[in-house]
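Observations on chain architecture
The lines below spell out each chain.
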Amino acid sequence: MSARLGLAVSIALTHVRSRARQTLVGVLGVATGVGFSVMMAALMEGSQRDFITQLVDALPHILVSDERRHPSPQPAEEAYDAAAIQGLTTKAIRPGIKNPFAMMSAISGWVDGAVAPSVQAKAVVRFAGRDRTASVIGIDPKREGEVSKLPTQIRQGTLADLYRASNAIILGDGLAGKIGARVGNVVSVTGGTGQVLLCTVVAFSHTGVASADDSQAYVLVKTAQILAGQTGLVNEIRVKAQDVMAAREIAARIEAETGYKSVSWQEAHEDLLSAFEIRNLIMYMVVGAILLVASFGTYNIISTITHEKTRDIAIMKSLGLTERLVRTIFVLEGLVIGLIGTALGFALGLGLSLAMGQVAIKSPFMDATHLPIYYSPLHYALAGAVALSASLVAAYLPARKAASLQPVDIIRGAS
Amino acid sequence: MNGTPLIRAENLGRVITGEVPATLITGADLAVAPGTFLAITGPSGSGKSSLLYLLGLLDLPTTGEVYVEGRATSRLPEDARAAIRLEKLGFVFQFHFLLPEFTALENVLLPMRALGRLTGAAMEARGLALLGSLGLEAHARKRPDQLSGGQRQRVAIARALANDPAVLLADEPTGNLDTHSTEQVFAILRRLVDAEKRAVVIVTHDLALAARADRQVRVVDGRIVDEAGQA
C-alpha cells in the first residue's frame, strides 16, 4: 500500500471509528437492505423454482397428443388453388396416435430420457349410490414411474397393484373420499360410450393438488381403451427428458418428425413463465429500492462527516494534500460502511432465509409445507455489488463537494 | 536581503467579487530570501493575512504573480500548487488546526505520509525528532485535547516542518498564547532562521514581537505602505 493510500485509509478508519454511533446507523442501514434483499431474492426464487419443479414433476415434460396444430388439408384443397369447404364435421371419436409403440421406440432412440403411453378417458365412477365424474388415465405401470412421480404418490398400495386384478383401479384419494370407496371395494366405472366396468380399488393416489386428487383415477392402458371404446387406442405419449430445459427443442423435433401436436412444459405454461418474468422484474425493483434507501443513509452519514470535518479538510488541503487524496478519504469511509454493512447483511440475509424456511404454510389446495427458499451465491453477489456501488456513489457525492472546498475560505472563517 | 528569494510577489492583487466586492491586496511587491525573519503587521482587516495566504499559495491572486524558487505559480493546476505547499512551504495558523482524533506524532506524520518520500520507520523517527526538538518528546502520543495551547502550537510548528520546508508561514502564531508560550514559540521561530537558515514569515498584531523580526512590512488597506529593518 502506498504511503498516501495508507494515510487515506488511516484517516478514514479514524473518522468512522470516532463516530461510532453514526457509523453503526449507516452499517445497520446497509446490512438491513442487503439482508432483506437476500432474503427476498431467496424467497422469490425459491417459490418460483418450487412452483416450476412441482409443475414439471406433476406433468410430463413433453406431451405428444393425437391432435395436430393445423387441421389436415382436405383433398379439394390439395387439388385446387382455391376451395371453399362447408359443413365439415370432426370425428366424434379421438383418432389416436398411429403406431404409437413404433413412435415411442423412435423417440426413445434419440431422446435422453423416458417415454410412456397413456390413454385419456372420461368416466363416471360410482360406489354405494354415489357417483362422480372422473378422468380415467390408462397407464403402463412399468413405464409410468420413469415419466412421472406417480409411483411415489400412491397410498395403501403400489402402482404395480394395477396388475393384481383384472380391472384394477387406483382412485385419487379425494375422489375415493367423496364416494366413500376403500381399497378392496369394487366400483362401477361407466365410460363415454356407455361401457360399464366393475373395477377393484387397489390403491389411492395423492398428488397434493386437490383438483387432481378429486377427479383422477388410474387404470391399465387396456382398461382405459375398453372404457373409451377404442381398442388399441393411445392418445398421448409422455416424454420425460433428462435435461428439463431442453424440452422445448425436443418437442419441436418430435412434432416436426411425427406431425402430432407436441407440447413442452414451457409451452403449456407460457403464461406462467411470462408472469414469473414480470414478478422477477418487480422483485429486482423492490430489492433495488431497498438498497437505494440504505444508500441514502450512507450519503447522510458521509455528508454529516464531511460537514463536521470542513475545517480538517481545509487544513489538510492547506498542508498540501490533493483534492483526490481528500476525496479518497471520504469515499473510503463510505466503502468501509458499505463493506461492514454488506458482510453483516449477508449474515442477516442467511439468518432470515433460514428462519423463513422454517415457516409452515397451509393451503386448501396443497399439502402443508414450508416456505421454499433457494440459496444462491448470485443473490449475495448481486445484493453486495449493488450495496457497495450505492455506498460508493453515496460517499462520492459529498466527498467530491468536500474535496473541492477552498481552504482559504474556511481558514479565514475560522481565524 | 540574502541570496535568491524563496518567495517573490510581484504586483500582487486580490479582489473579491460578488455581492460586496472588496480589494484585499493591491500592488504588493515582496521578496523573502533564505534566513529571513519577516513580520507582516497592520491593523485588523488591512489584508496582512490575505497577503500571507497569497504568498503561501492558499489563494490565487487576481493580478500579479507569486514565484516560489523562481517558478511562477498562479497558472499552475491546483494539484501542482498543492505539491509546492506540501514540499516547500510550512504553515502555522493562529488556531493550531491539529486533527483532533490523531496524536501529536500522527499529526506531524501527516504531511510526510502525504509526500511519501520516507519509509514508515524513517517518518516516525523524524516526527519524534521534530517533537523532541520542540520539547514535546513526552507528549508525542497525546491527542490535541490532552495538550496545552502552547504545546498544541508547537506541535503545529513541528507539523509545518515535517517535510523540511525552506519557508515557514505563520498567521498570528502567538495570537492565542500566554506570554510564556509566546516566548517559547518565538524562540523556536528565531532558531529556525538563525540556526537552520530557513525563511520565516509571520503575520502579527504584536508590534513588540514584530520588532524582534529581521524585517517588517506594514499593510494598510491592502497596500504595503512601509517596510523596515534589514536582515
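No experiment lies behind these values; they were computed from the predicted model shown.

1. A look at the sheet that holds strand E5 (residues 71-72) of chain B
Residue and element names in this part refer to chain B. With antiparallel pairing, the four strands of this open sheet are ordered in space as E2-E1-E4-E5. In the strand order of this sheet, the two ends are held by strand E2 (22-32) and E5, each with one partner. As paired elements, strand E4 (residues 63-68) and E5 share two bridges and run antiparallel to each other. Paired with Val-68 across the strands is Arg-71, a residue of E5. Sitting on the sheet, helix H1 (residues 48-55) is in contact with strand E1 (7-16), E2 and E4, with an inclination near 55° to E2.

2. Let's talk about helix H2 (residues 78-88) of chain B
Among the residues of H2(B), those classed as buried are Arg81(B), Ala82(B), Ile84(B), Arg85(B) and Leu86(B). For H2(B), the elements touching its buried residues are helix H12 (310-319) of chain A together with E4, E5, strand E6 (89-92) and helix H3 (104-115) of chain B.

3. Some details on a nonpolar patch on the surface
All names here are of chain A. Judged by side-chain polarity, Tyr-299, Val-393, Tyr-396 and Leu-397 come together as a nonpolar surface patch covering roughly 350 Å² of accessible area. Here the element with the most residues in the nonpolar patch is helix H14 (residues 377-403); it accounts for three residues. Topologically, Val-393 is positioned in helix H14.

4. Comments concerning the environment of Lys222(A)
Residues and elements named next belong to chain A. Structurally, Lys-222 is set in helix H8 (residues 221-228). Residue Lys-222 is classed as exposed on the basis of its relative accessible area, which comes to 61%. Residues Lys-222 and Thr-32, 190 residues apart in the sequence, show an inter-C-alpha distance of 61 Å.

5. As for helix H9 (residues 247-258) of chain A
Residue and element names in this part refer to chain A. Counted at 1.5 Å a residue, the expected span for H9 with its twelve residues is 16 Å, and the 16 Å between its end C-alpha atoms agrees. The set of residues buried in H9 consists of Ala-247, Ile-250, Ala-251, Ile-254 and Glu-255. Buried residues of H9 fall within an arc of 135° about the axis and therefore sit on the same side. Seen from the open side of H9, the exposed residues pointing more than 90 degrees away from its buried face are Glu-249, Ala-256 and Glu-257.

6. Quick notes on the domain arrangement of chain A
What the domain assignment lists for chain A is domain 1 (3-56 + 272-414) and domain 2 (93-263). The C-alpha-based centres of domain 1 of chain A and domain 2 of chain A are spaced at 54 Å.

7. Quick word on the interface of chain B and chain A
Counting residues at the interface gives 29 residues for chain B, matched by 29 residues for chain A. For the pair chain B and chain A, the summed buried area comes to about 2,600 Å², and 64% of that belongs to carbon and sulfur atoms. Three residues stand out in chain B for area buried against chain A, namely Phe97(B), Glu101(B) and Arg113(B), and they jointly supply 25% of the buried area on that side. Between the two partners, chain B and chain A, sit one salt bridge. Between Glu101(B) and Arg19(A) there is a salt bridge, with its nearest N and O atoms 3.3 Å apart.

The rules behind each value
Residues numbered from 1 in each chain as written. Chains lettered and ligands numbered in written order. Predicted model: local features only at pLDDT ≥ 70, side-chain atom pairs only at ≥ 80, totals over all residues. Heavy atoms only, no water. Pairing = 2+ DSSP bridges. Helix = DSSP H or I, 4+ residues; strand = E, 2+ residues; numbered from the N terminus. Contact = heavy atoms within 4.5 Å. Axes fitted to C-alpha atoms, helices over the stretch in contact; angles between N-to-C directions. Buried < 20%, exposed > 50% of the residue type's maximum accessible area, 1.4 Å probe, protein only. Patch = residues over 30% accessible without salt bridge, like charges linked within 9 Å, V, L, I, M, F, W, Y side chains within 5 Å. Areas by Shrake-Rupley, 256 points an atom, 1.4 Å probe, with all protein chains shown as cover. Salt bridge = Lys/Arg side-chain N within 4 Å of Asp/Glu carboxyl O. Expected span 1.5 Å × (residues − 1). Arc of directions from axis to C-beta. Domains from an automatic or database assignment. Buried area = accessible area lost by both parts, 1.4 Å probe.

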